[in-house]
Amino acid sequence: MSDLTRARITRARWAAPLIISLVTIVAFLPALGDGFVSWDDERNFLTNPHYRGLALDNLRWMWTTFHLGHYVPLSWMTLGLDYELWGMNAAGYHATSLLLHAANAVLVFVLARRLLALSQPDAGDESLTWPAAVAALLFAVHPLRVESVVWITERRDVLSLFFYLLTVLAYVRDRRWTSVILFACALLSKATAMTLPALLFVLDVYPLSRVQFAGRRVNGLADAAIRLAPHALLSLASVVLSIVALRPPDQLGLAGKVAVSVYSLRFYVQKTLVPRGLSPLYEMPQHVRPGAMVFVASGITCMAITLAAWRYRHRFPGVLMAWLAFVIISLPMLGVVQNGPQIAADRYTYHAAPALAMLVAGVLFALVRPAALARGIGTGLIAILAMLTWRQSHVWHDSQSLWAHALEVDDTSSLAHSAMASLLYKEDHVDEAMQHSVRAVQLAPGFAEAHNDVGVGLARQGRNEEAAASYRRALELKPTYDEAENNLGVVLVGKGDLAGAVEHYRRALEINEDNADAHVNWGNVLVRQQQMDDAIAHYQAALVIRPDLADARHNWGVALALQGKLAEAIGQFRMALALNPNHAEAREFLERATRMLQQR
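All of the points below concern the structure found in this document.

1. Examining the overall build of the chain
- Looking only at helices and strands, the chain features 28 helices and four strands.
- Relative to the globule expectation of 25 Å for 600 residues, the C-alpha radius of gyration of the chain, 28 Å, shows essentially globular dimensions.
- Seen along its three principal axes, the alpha-carbon backbone of the chain occupies a region of about 95 × 60 × 45 Å.
- By the burial criterion, 52% of the 600 residues in the chain qualify as buried.
- A separation of at least 24 residues holds for 67% of the contacts in the chain among residues at least 6 apart in sequence.
- Summed over all atoms, the accessible surface of the chain reaches about 27,600 Å², with 61% contributed by carbon and sulfur.
- Mean positive and mean negative side-chain charge positions of the chain (52 and 50 charges, respectively) differ by 11 Å.

Put into structure tokens, the structure is as follows:
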């Protein structure tokens, strides 16, 4: 090999990762202008003071919490670091997630190139670099990745895959204990990685050939068992921890689980090939009928793909192994354990997507000749996907755009109607919000949040008795619903039942100690009862949870003014206006307190 050839190969090896990173970042640039959204971001960040920073108390919380059903201490640590760097500026969080995703794209390139080299030992350097680069970018800039990368809550996806890919690379290079440590990091970022030992066994069969099938004999099986035992033990521990953390809701029967699983698998393949109609929520039907055509057709499709891959396993072993890898990695998200209102989710493809990307790139470069045409087709596909990703990133700009898009894709989503109603109530569009709330109840009569939303609308219309009935119905459906407890307390205050209201506020805080609104409302009752110091303690607690809560500042100022501490009250009113310049009451009370102070 000439010096010129070596230099060209070296440049290509350095250029490919750089280009992959830059293309990935450019495709997701709109994400840097996106904010937090009302889809778990509120409970994870806006009303959660515990993750904010890396002090000892923060770290203790991160390593002991099962917040919202997940044990992800390493993910929380990266988010705590974000808070140290950016405060509550969402752009910084998005930048971190995007950089991790770009790093994952490079790792997919390195892994794809390594696996291609193992399966094609006689291939030249250029014939390995191009398919690997196309695979990496087909994974990285596909619009199905947007949810995992742009949704700040899903930091756990991008961080977990980072360690996941490093684990596979270490294992392929026979760095056994390094791979065990990296696998532990992947699991501590998100338990989705739990199926990795099965994937590593697949790689042991092909292309590593550490396990070989010779008739009825299987050579190397015992060595593989010893090699994978530490990974399997970590995976088992993660399964147990996930069961404890998730506390899954009522589950479907076996037939229902199978139906949902094959539907999800077919759905992910379909959306990978034709990424149209992507949504933040694909809601589970109210009733799953396993014999319905959509589930039967999904099962037939998955079986046909599996049988075709098996039929040609000797001629195209990579196809079977890629399909197996995709199924194995997807397994925890296919509906085996139902958790949440979705039947499928874009984010559930994040860990499994590299397998399909490598398969598509491999087939493209194997079947299309000349190679330049394959490169041209690959580049064109990447450009189209990048444009779709750019557009999809705008969907997550804010809560309004997110839920408007969800309803545009599926107007029968009760959760999307409920989420949109909550936004409209905050904007004081009560009549429009009520339409969404009522629609949500009609679509899902057992949806507690929808009944709570109807109660909010009725209360805003002055129909307190009906509102209380809606809140109580929500609590019947979901006894641990802190928001409904708090709202019922507000209605009771309007009826003069202060003691009853306090009991509901206390219950709300027992359910969720980070319910800032319950603290504020309890403080308001204490002001009425002339217990100013106790009221101020609740306002202070609310501001620890939500430093941007203008009402807490304003009401604190009212309590101080009633104690005659006008100078301190004026300070609180000014801080309330700094948080919300349109807070009319704070402005009025500031002017009154200022006049009173001047008259002394």
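Next, the rest of the story.
2. Digging into helix α8 (residues 155-172)
- Between the first and last C-alpha of α8 there are 26 Å, a value that for 18 residues agrees with the 26 Å anticipated at 1.5 Å per step.
- Summarising burial for α8: 16 of the 18 residues are buried, a large majority.
- Just downstream of α8, D174 is the residue with a positive phi angle, here 65 degrees.

3. What to know about the environment of D204
- Here D204 lies in helix α10 (residues 196-205).
- For the pair D204 and I511, spaced 307 residues apart in sequence, the C-alpha separation works out to 48 Å.
- When residues no more than four places from it in sequence are discounted, the contact partners of D204 are Y171, S209, R210, V211, A224, R227 and L228.
- Looking at D204, its side chain comes within polar contact range of the side chain of R227, at 3.0 Å.

4. Comments concerning a nonpolar patch on the surface
- A cluster of nonpolar side chains, namely V26, L29, L32 and W390, defines an oily patch on the protein surface of about 330 Å² accessible area.
- Summarising the element assignment, L32 is placed in the loop between α1 (3-27) and α2 (41-46).

5. As for unusual backbone geometry
- Cis geometry is adopted by the peptide bond preceding P207, which originates at Y206 and carries an omega value of 10 degrees.
- Here P207 lies in the loop between α10 and β1 (212-214).
- The residue after R369, namely P370, is reached through a cis peptide bond having omega 0 degrees.
- With respect to the helices and strands, P370 occurs in the loop between α15 (353-367) and α16 (371-395).
- Located in the positive-phi region is S209, a residue other than glycine, with phi close to 60 degrees.
- Looking at the element boundaries, S209 is found in the loop between α10 and β1.

6. Side note on the layout of surface pockets
- The calculated volume of the second largest pocket comes to roughly 1,000 Å³.
- Lining the second largest pocket are 43 residues, and of these L116, S119, G318, M358 and G362 lie nearest its centre.
- Residue assignment for the lining of the second largest pocket shows that the elements contributing at least two residues are α5 (90-119), α6 (125-140), α8, α10, α14 (317-330), α15 and α16.
- With ten residues, α15 is the single largest residue contributor to the lining of the second largest pocket.
- Residues that form the lining of the second largest pocket fall into these classes: 33 nonpolar, six polar and four charged.

7. Regarding the side chain of T78
- Inspection of the secondary structure assignment puts T78 in helix α4 (residues 73-86).
- A distance of 3.1 Å separates a polar atom in the side chain of T78 from a polar atom in the side chain of R155.
- Ignoring anything within four residues of it in the chain, the contact list for T78 reads R155 and L159.

8. Quick word on the packing of helix α22 (residues 482-494) against helix α23 (residues 498-511)
- Between α22 and α23, whose axes approach to 8 Å, the crossing angle comes to 165 degrees. As far as their axial angle goes, α23 and α22 are roughly antiparallel. With respect to the hand of their crossing, α22 and α23 are arranged in left-handed fashion. Two secondary-structure elements touch here, α22 through D482, E485, N486, L488, G489, V490, L492 and V493 and α23 through L498, G500, A501, H504, Y505, R507, A508 and I511.
- Here the residues of the contact of α22 with α23 sort into nine nonpolar, four polar and three charged.

About the thresholds
Residues numbered from 1 in each chain as written. Predicted model: local features only at pLDDT ≥ 70, side-chain atom pairs only at ≥ 80, totals over all residues. Heavy atoms only, no water. Helix = DSSP H or I, 4+ residues; strand = E, 2+ residues; numbered from the N terminus. Rg over C-alpha atoms; globule rule 2.2 N^0.38 Å. Buried < 20%, exposed > 50% of the residue type's maximum accessible area, 1.4 Å probe, protein only. Contact = heavy atoms within 4.5 Å. Areas by Shrake-Rupley, 256 points an atom, 1.4 Å probe, with all protein chains shown as cover. Lys, Arg positive; Asp, Glu negative; His and termini not counted. Charge placed at Lys NZ, Arg CZ, Asp CG, Glu CD. Expected span 1.5 Å × (residues − 1). Polar contact = N/O pair within 3.5 Å; in protein donor to acceptor, adjacent residues only side chain to side chain. Patch = residues over 30% accessible without salt bridge, like charges linked within 9 Å, V, L, I, M, F, W, Y side chains within 5 Å. Salt bridge = Lys/Arg side-chain N within 4 Å of Asp/Glu carboxyl O. 1 Å grid on protein atoms, 1.4 Å probe; cavity = no way out; pocket = protein on both sides within 12 Å on 5 of 7 lines; lining within 4 Å. Points joined across faces, edges and corners; volume = space filled by probe spheres on them. Nonpolar A, V, L, I, M, F, W, Y, C, P; charged D, E, K, R; others polar. Axes fitted to C-alpha atoms, helices over the stretch in contact; angles between N-to-C directions. Parallel < 35°, antiparallel > 145°, perpendicular 65-115°, else oblique. Left-handed = near helix turned anticlockwise from the far one by under 90°.

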